[in-house]
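A structural walkthrough
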Amino acid sequence: MNVLFFGIAKDIVGSSQITFSDEFKKPNSVAQLKAQLMIFYPELSKLTSLAVAVNSEYAEDDVSLTVDDEIAIIPPVSGG
């Protein structure tokens, strides 16, 4: 399972991608993924919102995850 990070989330994590390869540590849902990321990268919890896309589609917390999924972590954006 690949997790891609964009914007400030990439800066917080220190990488544009991490991989969950261990089946036993792999999160089973978007909610579990968010919880694990907040433990590993507490600075993420300071963001006002954090969107998650699974296989290029925005996903709610109850969406199940598989090892073949590509997940994108999308922080809040601003612009003008």
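Now for a description of the structure that goes with this document.

1. Some remarks on the pattern of salt bridges
Applying the stated criterion across every chain yields a total of two salt bridges. Of the charged contacts in the structure, one is a salt bridge between Lys34 and Asp61, with a shortest N-O distance of 2.8 Å. Linking Lys34 in helix α2 (residues 30–40) with Asp61 in the loop between β4 (57–58) and β5 (70–74), this pair joins segments that are 27 residues apart in sequence. Here Glu43 ties to Lys46 by a salt bridge, and the two come within 3.1 Å at their closest N and O atoms.

2. With respect to the nonpolar core
Core analysis: the biggest nonpolar cluster contains 19 residues, and Val3, Phe5, Leu33, Ile71 and Ile73 have the highest contact counts within it. A per-element tally of this core places α2 first, with three residues. The contacts of Val3, once residues within four sequence positions are left out, are Ser16, Gln17, Ile18, Phe20, Leu33, Ile71 and Ile73.

3. As for the environment of Ala51
Within the secondary structure, Ala51 is located in strand β3 (residues 51–54). The class of Ala51 is partly exposed, set by a relative accessible area of 25%. In the structure, Ala51 is positioned eleven residues away from Asp62 in sequence and 13 Å away in space, judged by C-alpha atoms. Apart from residues no more than four positions distant in its own chain, Ala51 is found in contact with Tyr58, Ala72, Ile73 and Ile74.

Rules and cut-offs
- Residues numbered from 1 in each chain as written.
- Predicted model: local features only at pLDDT ≥ 70, side-chain atom pairs only at ≥ 80, totals over all residues.
- Heavy atoms only, no water.
- Salt bridge = Lys/Arg side-chain N within 4 Å of Asp/Glu carboxyl O.
- Helix = DSSP H or I, 4+ residues; strand = E, 2+ residues; numbered from the N terminus.
- Core = buried A, V, L, I, M, F, W, Y, C linked by side-chain atoms within 4.5 Å.
- Buried < 20%, exposed > 50% of the residue type's maximum accessible area, 1.4 Å probe, protein only.
- Contact = heavy atoms within 4.5 Å.

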